[in-house]
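Close look at the chain arrangement
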Amino acid sequence: MDTPEKNPSENQPASQAEPTAPETAVEAQPAPAVTVAPAADTAGAVDQATLDAAKKLLMPDFDFSVGGILGSTFATTLKNPLLFFGLAVLAILPASLIFAILPLGNAAPIISTIVIAILVLAIQGAITYAVFQINTGQKARIVESALRGLARFLPVLLASILVGLGVGIGTLLLVVPGIIVYCICAVTIPVCVVERKGPIDSISRSAFLTKCCRLKIFALVLILGVINAIIMVVVPL
């Protein structure tokens with residue numbers, strides 16, 4: 001009887017079986033450590049950047065130091081003599097005409113005080129606007145500056161009254177608070193004229209703009225006060 005042929009692979013031992021592809025073990029890589037840096041306190045930096053930008057808007061390329069302010073003031077005046085002379089004439093001429101034409105009598109002191117106060121505030125606004133135009137590289141004109149000063153007369157008047165009350169009350173409280181209030185409100189009128197803000201907003205804006213330079217403002221006011229006192233002593237002699 002014929003015996004069936006056996007498949008040779010059936011009799012192979014297990015050790016001689018075809019090798020299978022070795023399994024590659026994949027080692028889990030540890031996740032990189034993530035370090036979270038503490039959040040930086042950027043509030044102060046943002047406030048400072050905003051303050052610098054605001055000063056740049058009102059006083060572009062300006063050396064905000066006592067010497068820089070005095071030098072810029074004299075330089076601006078000497079470079080534009082006709083402008084400031086014309087504004088001075090506009091301040092003096094109306095009052096002179098009123099006193100020359102109208103018979104004021106006993107009311108002269110009261111009327112003169114009111115007229116001078118109005119003219120001083122109007123011309124202060126006009127000069128502020130003219131200086132801003134010059135510092136921003138624009139042409140400052142007498143009529144345009146005078147009209148801006150007149151247009152901002154009421155807000156400037158109210159702002160001046162509020163600042164005067166604050167300085168007066170502060171002065172009654174041992175003088176020093178009055179000086180602090182004055183330094184805080186030092187640029188209230190320029191803000192009121194240039195940015196066309198109301199009295200309260202102008203004071204608030206002045207407090208923001210003078211935040212980092214109040215000591216310089218105090219030094220400037222002190223120097224100007226000494227110069228004014230010397231002039232008042234020397235001129236009568």
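See above for the structure.
The structure displayed is predicted, hence computed values, not measured ones.

Bringing the overall build of the protein chain into the picture now. In terms of regular secondary structure, the protein chain is built from 10 helices and zero strands. Ordering the α and β elements of the protein chain from the N terminus gives α-α-α-α-α-α-α-α-α-α. Of all 237 residues assigned to the protein chain, the portion counted as buried reaches 25%. Long-range pairs, those at least 24 residues apart, make up 69% of the contacts in the protein chain with a sequence separation of at least 6.

Formed by Leu121, Tyr129, Phe153, Val156, Ala159, Ile189, Cys192 and Val193, the largest nonpolar core amounts to eight residues. Residue assignment for this core shows that the elements contributing at least two residues are helix H4 (108-135), helix H6 (153-172) and helix H8 (188-194). Cys192 has contacts with Arg152, Pro155, Val156, Lys197 and Ser202, leaving out every residue within four places of it along the chain. In this structure, Leu83, Leu87, Ala126 and Ala140 belong to the second largest nonpolar core, which totals six residues.

With that settled, consider the side chain of Ser202. Looking at the secondary structure, you find Ser202 in helix H9 (residues 199-209). A residue is classified by how much of its surface remains accessible, and Ser202, at 0% relative accessible area, is buried. For Ser202, the residues in contact, after removing those within four places along its chain, are Thr188, Val191, Cys192 and Lys197.

With that settled, consider a nonpolar patch on the surface. Together, Val175, Ile179, Phe218, Leu222, Val226, Ile230, Val233 and Val234 make up a nonpolar patch on the protein surface, roughly 680 Å² of accessible area in all. Structurally, Leu222 can be placed in helix H10 (residues 214-234).

What follows deals with the packing of helix H7 (residues 176-184) against H10. Direction vectors running N to C along H7 and H10 enclose 105 degrees, while the axes themselves pass 9 Å from each other. One finds that H7 runs roughly perpendicular with respect to H10. In this structure, H7 contributes Ile179, Tyr182, Cys183 and Ile184 to the contact, and H10 contributes Arg214, Ile217, Phe218 and Val221. Residue classes in the contact of H7 with H10 are distributed as seven nonpolar, no polar and one charged.

Turning our eyes to something else, we now look at unusual backbone geometry. Positive phi, close to 70 degrees, is recorded for Val175, a residue that is not glycine. Here Val175 is to be found in the loop between H6 and H7. On the basis of relative accessibility, which here comes to 44%, the residue Val175 falls in the partly exposed class. The backbone of Arg196 shows a phi angle near 55 degrees, a positive value even though the residue is not glycine. Structurally, Arg196 can be placed in the loop between H8 and H9.

Definitions and cut-offs
- Residues numbered from 1 in each chain as written.
- Predicted model: local features only at pLDDT ≥ 70, side-chain atom pairs only at ≥ 80, totals over all residues.
- Heavy atoms only, no water.
- Helix = DSSP H or I, 4+ residues; strand = E, 2+ residues; numbered from the N terminus.
- Buried < 20%, exposed > 50% of the residue type's maximum accessible area, 1.4 Å probe, protein only.
- Contact = heavy atoms within 4.5 Å.
- Core = buried A, V, L, I, M, F, W, Y, C linked by side-chain atoms within 4.5 Å.
- Patch = residues over 30% accessible without salt bridge, like charges linked within 9 Å, V, L, I, M, F, W, Y side chains within 5 Å.
- Areas by Shrake-Rupley, 256 points an atom, 1.4 Å probe, with all protein chains shown as cover.
- Salt bridge = Lys/Arg side-chain N within 4 Å of Asp/Glu carboxyl O.
- Axes fitted to C-alpha atoms, helices over the stretch in contact; angles between N-to-C directions.
- Parallel < 35°, antiparallel > 145°, perpendicular 65-115°, else oblique.
- Nonpolar A, V, L, I, M, F, W, Y, C, P; charged D, E, K, R; others polar.

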